Amino acid sequence: MLTKTITKGHSLVKGARLLSTVAPELPPCDYVPPKYEGPSYDDIRKIRSKNLNPALFTAYSKPLLTHAGHMQYLYDHEGRRYLDMFAGIVTVSVGHCNEKVRLAAESQMKSLWHTTNIYLHPKIHEFAEKLTDTLPGDLKVVYFVNSGSEANDLAMTMARIYTGNFDIITLRNGYHGASPYTMGLSALGTWKYKGFANGFGVHHASNPDPYQGLWGGHRDSVVQSSRASESTVVDGVCSSADKYVGQLEEVIKYSIPKKGVAAFFAESIQGGGGGVQFPLGYLKKAFELVRENGGLCVSDEVQTGFGRTGDHFWGFEGHGVIPDIVTTAKGIG
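Keep in mind it's a predicted model, so treat the numbers as computed, not measured. (Residues numbered from 1 in each chain as written. Predicted model: local features only at pLDDT ≥ 70, side-chain atom pairs only at ≥ 80, totals over all residues. Heavy atoms only, no water.)

1. Side note on the nonpolar core
Moving on, step 1. Within the largest apolar cluster, 27 residues are counted, with the highest numbers of intra-cluster contacts made by Ile169, Leu171, Leu248, Phe264, Tyr282 and Leu283.
Moving on, step 2. For this core, the secondary-structure elements that each account for two or more residues are strand E7 (168-171), helix H7 (239-255), strand E11 (263-267) and helix H8 (282-292).
Moving on, step 3. What Phe264 contacts, discounting residues up to four positions off in sequence, is Ile169, Leu171, Leu248, Tyr282, Leu283, Ala286, Phe287, Val290, Leu296, Cys297 and Val298.
Moving on, step 4. Grouped together as the second largest cluster of nonpolar side chains are 12 residues, Leu185, Val202, Val298 and Ile325 included. (Core = buried A, V, L, I, M, F, W, Y, C linked by side-chain atoms within 4.5 Å. Buried < 20%, exposed > 50% of the residue type's maximum accessible area, 1.4 Å probe, protein only. Helix = DSSP H or I, 4+ residues; strand = E, 2+ residues; numbered from the N terminus. Contact = heavy atoms within 4.5 Å.)

2. Considering unusual backbone geometry
Moving on, step 1. Located in the positive-phi region is Ala87, a residue other than glycine, with phi close to 55°.
Moving on, step 2. Locating Ala87 in the fold gives a position in helix H2 (residues 87-90).
Moving on, step 3. On the accessibility criterion, Ala87 (13% relative accessible area) is buried.
Moving on, step 4. The phi dihedral of Asn173 falls on the positive side, at around 80°, and the residue is not glycine.
Moving on, step 5. Relative to the elements of secondary structure, Asn173 occurs in the loop between E7 and helix H6 (182-185).

3. Observations concerning the sheet that holds E7
Moving on, step 1. Read across the sheet, five strands follow the order E8-E7-E11-E12-E13 without closing on themselves; strand pairing throughout is parallel. Of all the strands in the sheet, just strand E8 (202-205) and strand E13 (325-327) have a single pairing partner and so form its edges. Looking at each pair of strands side by side, their axes are set apart by 25° on average, direction ignored.
Moving on, step 2. Note: E7 against E11, two bridges, orientation parallel. Looking across to E11, one finds that Ile168 is bridged to Ala263.
Moving on, step 3. Sheet strands touched by H7: E7, E8 and E11. Its angle to E8, the strand with the most contacts, is close to 145°. (Pairing = 2+ DSSP bridges. Axes fitted to C-alpha atoms, helices over the stretch in contact; angles between N-to-C directions.)

4. Some words on H8
Moving on, step 1. Those residues of H8 that sit buried are Tyr282, Leu283, Ala286, Phe287, Leu289 and Val290. Looking straight down H8, one finds that the buried residues subtend no more than 165° of arc, so they occupy a single side.
Moving on, step 2. Check the buried side of H8 and you find it contacts E7, H7, E11 and strand E12 (296-300).
Moving on, step 3. Just beyond H8, the residue with positive phi is Gly294, at close to 85°. (Arc of directions from axis to C-beta.)

5. Re the packing of aromatic side chains
Moving on, step 1. This model, assessed by the stated rule, comprises 10 aromatic pairs.
Moving on, step 2. Centroid distance Phe306 to Phe313: 5.7 Å. Interplanar angle 70°. Geometry classified as edge-to-face.
Moving on, step 3. Owing to a relative accessible area of 23%, Phe306 belongs among the partly exposed residues under this scheme.
Moving on, step 4. Through a chain of ring-to-ring contacts, the aromatic side chains of Phe306, Phe313 and Trp314 assemble into a single cluster.
Moving on, step 5. Against the face of Tyr41 rests Lys62, its NZ or CZ located 5.6 Å from the ring centre.
Moving on, step 6. For Arg81, the ring lying beneath its charged end belongs to Tyr73, and the centroid distance is 4.6 Å. (Phe/Tyr/Trp six-rings, centres within 6.5 Å; stacked < 30°, edge-to-face > 60°. Lys NZ or Arg CZ within 6 Å of the ring centre and 35° of its normal.)

6. Some points on the sheet that holds strand E6 (residues 81-83)
Moving on, step 1. The three strands are arranged E4-E5-E6 in an open sheet whose pairing can be described as antiparallel. Across the chains shown, the open sheet's two edge strands, defined by having one partner strand only, are strand E4 (66-70) and E6. Here the average twist between neighbouring strands, direction ignored, is 30°.
Moving on, step 2. Where E4 and strand E5 (residues 73-76) come together, four bridges link them in antiparallel fashion. When the bridges of E5 are listed, His70 appears paired with Tyr73.

7. Thoughts on the pattern of salt bridges
Moving on, step 1. Going through the model one piece at a time under the given rule, you end up with seven salt bridges.
Moving on, step 2. Where Glu106 meets Arg102, a salt bridge forms, and the shortest distance between an N and an O atom there is 2.5 Å. Taken together, the residues Glu106 and Arg102, both in helix H3 (residues 99-111) and four residues apart, mark about one turn of the helix.
Moving on, step 3. A relative accessible area of 34% places Glu106 in the partly exposed class.
Moving on, step 4. According to the relative accessible area criterion, Arg102 is partly exposed, its value standing at 33%.
Moving on, step 5. A salt bridge links Asp324 to Arg291; its shortest N-O distance comes to 3.3 Å. With Asp324 in the loop between E12 and E13 and Arg291 in helix H8, this pair connects stretches of sequence that are 33 residues apart.
Moving on, step 6. Overlapping salt bridges, with partners in common, bring together Asp76, Glu78 and Arg80 in one network. (Salt bridge = Lys/Arg side-chain N within 4 Å of Asp/Glu carboxyl O.)

So this is what it looks like as structure tokens:
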């Protein structure tokens with residue numbers, strides 16, 4: 001139905017609805033960012049065009065030029081304040097320029113910047129112990145790398161060497177990195193590039209998506225899929241979980257050599273694919289099936305680790321499983 005729009009002051013009256021044109025205001029904040037003294041906005045754009053690889057694309061016709069940060073806020077070069085709901089692609093877990101983190105970094109920089117691993121240094125040992133103390137079961141050995149893609153690269157290598165098998169299974173719509181090998185793990189066309197012979201030995205199983213999947217499903221969330229009802233859940237397992245596990249079983253049956261699987265990679269909640277949660281009970285049954293076929297189970301916690309899901313320190317804990325390998329990045333840095 002189309003209705004006439006009448007302007008009254010700073011608002012729009014459209015039928016019975018009042019649409020305010022007043023921009024929402026952020027809560028007060030005492031922090032005052034330092035004055036921006038870098039190159040002008042136009043000079044920044046010229047430098048980017050001339051000296052940076054065009055693969056480093058920007059969003060919007062006039063990209064934001066960030067200058068300073070304070071906890072949940074970012075400030076542009078003109079001093080405007082923004083609520084950062086992006087967290088630097090899920091990277092900032094404790095706020096920008098967190099005082100505790102900043103002081104720890106300053107203290108370390110005053111004592112020692114860099115050594116080699118052939119010598120002993122207390123910090124890597126202290127950190128490894130604190131990190132593994134958060135993990136259940138036998139997950140007590142850590143290998144530090146430089147990124148989530150490298151972590152998943154290493155997990156692929158370790159699983160293949162340990163099991164003696166080669167084939168790996170991931171889920172459609174999953175994201176696990178963009179290096180030549182992890183691009184094959186990822187099953188999002190947006191992050192696959194022409195000319196890469198990636199993905200050899202990697203198979204993508206049907207995605208157990210409660211919204212767009214073949215059977216919908218009931219997920220562990222306050223907001224439930226409209227395609228699921230309470231009657232579909234028995235003993236904490238959604239009826240659709242078995243159907244999606246059946247799809248995984250078909251991949252193993254028809255696409256994997258009889259000697260078995262090397263690994264199964266899954267995010268606890270799919271991040272790059274749009275915050276997709278799995279039907280109740282799916283991941284636990286998927287892990288059991290993979291292990292029955294000789295494979296290791298890898299939990300990609302790059303986006304869901306370090307308390308980001310709220311109820312647990314690690315996302316996989318919400319599924320009642322203990323993986324064989326956990327990979328993480330972003331917030332850990």
